[in-house]
Amino acid sequence: MGLLGLRAQALARADTAAAVSSAVEWPAGPVLPVPPLARVNARPDRFIRMSVGLRPFRPAGPRVEAERVGEKLVVHNYGHGGSGWSLSWGTGAEVVDLALGSGARAVGVIGCGAIGLTTALLLQRAGAKVTIYAKDRPPLVTSSYATGVWSPVSRFCLKSFETPALGRRWADWCVRSHGDFQTFLGLPGAPVRWVDRYALSDVPWDEQRLLRQAEARERGEPEFANMRDFAPSLTPEPEDLAEGVHPFPAPFVRRSANMVFNLTALSRRLMDDFLLNGGQMETRTFHRAGELAALPESTLVNATGLGARELFGDRTLIPVRGQLGVLIPQPEVDYGLSGAGFSMVPREDGLVVQTSGERDFGSDDLTPDRAESEGALLALAHVMRGMRA
Ligand SMILES: Cc1cc2nc3c(=O)[nH]c(=O)nc-3n(C[C@H](O)[C@H](O)[C@H](O)COP(=O)(O)OP(=O)(O)OC[C@H]3O[C@@H](n4cnc5c(N)ncnc54)[C@H](O)[C@@H]3O)c2cc1C
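Residues numbered from 1 in each chain as written. Predicted model: local features only at pLDDT ≥ 70, side-chain atom pairs only at ≥ 80, totals over all residues. Heavy atoms only, no water.

Caption draft 1: View of helix 5 (residues 205-218). For helix 5, which comprises 14 residues, the first-to-last C-alpha distance of 20 Å matches the rise-based estimate of 20 Å (1.5 Å per residue) to within 8%. Of the positions making up helix 5, those classed as buried are Trp-205, Gln-208 and Ala-216. Seen from one end, helix 5 has its buried residues packed into an arc of 80°, which puts them on one side. Pointing more than 90 degrees away from the buried face of helix 5 are the exposed residues Asp-206, Leu-210, Arg-217 and Glu-218. Following helix 5 by one or two positions, Gly-220 adopts a phi angle in the positive range, close to 85°. (Helix = DSSP H or I, 4+ residues; strand = E, 2+ residues; numbered from the N terminus. Expected span 1.5 Å × (residues − 1). Buried < 20%, exposed > 50% of the residue type's maximum accessible area, 1.4 Å probe, protein only. Arc of directions from axis to C-beta.)

Right, dumping it as structure tokens:
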């Protein structure tokens, strides 16, 4: 290749492991033993926080498209359901192309949650001057009340909207986002890290999946898309652990590698990076889309999450309530766990304990229900009591 050809190429490249199947025939290896696992101190007086967030769910999936509103080009990026953190860099990358394609160099981003912050950073990386306008910023946004795990298919869209075109787009968003998150590994405060997660079940996994689906129907949830046909292979295959290999009081135990977002550290890191890159932040509340006309930028990104319901009149947006109970951090607990009626995610800022509420779909009730978190904790405490040393 001549020098010019070389110059035209990128000088460095990092492919995500995503969607790359093994290049060689890989022999099945022995299952690694489970290392000693510290017990969670599962007592209700160790809760330091209970929070409720409303997932911005759109039956058709996130809205990522450009629209003319008066003199402005508005690029929408909202409606990510329970997948907002996971897909953030992916939908953000598409927004950058839509926003800067017309030659704009100054962009206003409305919203300072996961979507606003990541999109703003991507715009800066592409050379734009960015101002964030938002009513609230972390830690007072929905994004700060999320569980903090890689969950790109959680309440992403309804099954009836799952099409090959959306599937391909979703897969692209996943691959892009997954890759960007790897660049946050190993940083102080561990904004992103990988941990092993153990899933426990009393019945075989196929049966358990059907049980979960029946429970969800009883709670009034619609059928969400599972995107299985489009799923890129981004995480290692789960391993079934035989009895005696693990310390848990359950006949079926599965171990998988899980990407965890330590949301306190991650949000601060994103805000710090944005400001260090010369970004500006203004506290502003917009009551109608027409008010955006007063902003100096001619290109805007709408990253208002559930706020787009009122601001842009998107009545398809549905709140899906989710509650977290957070226990005092235990750095020695470095594994995730889930079982009947509970899940536990080990974050640096606390152990996040969660279960599904009775009527979360369509609920905008922001009041924490202590009984819900204590019920999940009780189920976790039961497992801890039965765990072998
Ligand atoms: C309990 C729970 C658990 C979750 N767990 C996960 C998880 O583990 N992994 C994952 O990937 N996702 C998870 N999610 C989903 C994720 O949190 C959301 O998809 C994500 O937070 C959406 O981000 P956002 O930036 O669109 O919205 P938000 O975080 O709500 O940000 C919206 C921004 O817009 C601003 N705004 C809104 N309206 C206006 C207005 N009119 N004027 C000015 N500013 C306005 C707000 O102030 C805010 O700054 C979870 C959600 C919940 C509730």
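Caption draft 2: Geometry of the sheet that holds strand 14 (residues 350-354). With mixed pairing, the 8 strands of this open sheet are ordered in space as 1-11-14-13-12-6-8-7. Both outer strands of the open sheet, strand 1 (47-57) and strand 7 (239-241), are each paired with one neighbouring strand and no more. Each strand of the sheet is rotated relative to its neighbour by a mean of 30°, with strand direction disregarded. The pairing of strand 7 with strand 8 (residues 252-261) spans 3 bridges and is classified as antiparallel. Each bridged residue has a counterpart across the sheet, and for Leu-241 the counterpart in strand 8 is Val-253. (Pairing = 2+ DSSP bridges. Axes fitted to C-alpha atoms, helices over the stretch in contact; angles between N-to-C directions.)

Caption draft 3: Fine view of the packing of helix 2 (residues 84-100) against helix 4 (residues 164-182). Remark: helix 2 packs on helix 4, axes separated minimally by 7 Å, with the N-to-C direction vectors making an angle of 110°. Of the possible angle classes, the one that applies to helix 2 and helix 4 is roughly perpendicular. Contacts between helix 2 and helix 4 pair Trp-85, Ser-86, Leu-87, Ser-88, Trp-89, Gly-90, Thr-91, Ala-93 and Glu-94 from the former with Arg-169, Trp-170, Trp-173, Cys-174, Arg-176, Ser-177, Asp-180 and Phe-181 from the latter. A per-class count over the contact of helix 2 with helix 4 returns 8 nonpolar, 5 polar and 4 charged. (Parallel < 35°, antiparallel > 145°, perpendicular 65-115°, else oblique. Contact = heavy atoms within 4.5 Å. Nonpolar A, V, L, I, M, F, W, Y, C, P; charged D, E, K, R; others polar.)

Caption draft 4: Quick look at the packing of aromatic side chains. Evaluated as defined, the whole model comprises 11 aromatic pairs. Relative to Trp-173, the ring of Phe-156 lies with its centre 6.3 Å away and its plane at 70°, an arrangement referred to as edge-to-face. Pair noted here: Phe-156 is in the loop between strand 5 (129-134) and helix 4 and Trp-173 is in helix 4, with a separation of 17 residues, a long-range link. Like Phe-156, the residue Trp-173 is buried in the burial classification. Judged by centre distance (5.3 Å) and plane angle (45°), the ring pair of Tyr-198 and Phe-248 falls under tilted. One end of the pair, Tyr-198, is in strand 6 (residues 192-201); the other, Phe-248, is in the loop between strand 7 and strand 8, and 50 residues separate them in sequence. Its relative accessible area of 1% is what places Tyr-198 among the buried residues. Aromatic rings pair up to connect Trp-89, Phe-181, Phe-184 and Phe-261 into one cluster. (Phe/Tyr/Trp six-rings, centres within 6.5 Å; stacked < 30°, edge-to-face > 60°.)

Caption draft 5: The pattern of salt bridges, seen in detail. This model, assessed by the stated rule, comprises 20 salt bridges. Here Asp-180 ties to Arg-176 by a salt bridge, and the two come within 3.1 Å at their closest N and O atoms. Here Asp-180 pairs with Arg-176, and both are found in helix 4, just 4 residues apart, close to one helical turn. A salt bridge links Arg-193 to Glu-348; the nearest nitrogen and oxygen atoms lie 3.4 Å apart. Taken together, the residues span a long stretch of sequence, with Arg-193 in strand 6 and Glu-348 in the loop between strand 13 (342-347) and strand 14 at a distance of 155 residues. By sharing partners, the salt bridges in this structure join Arg-63, Glu-65 and Glu-67 into a single network. (Salt bridge = Lys/Arg side-chain N within 4 Å of Asp/Glu carboxyl O.)

So, to be careful, I would describe these as geometric facts and stop short of saying anything about function.
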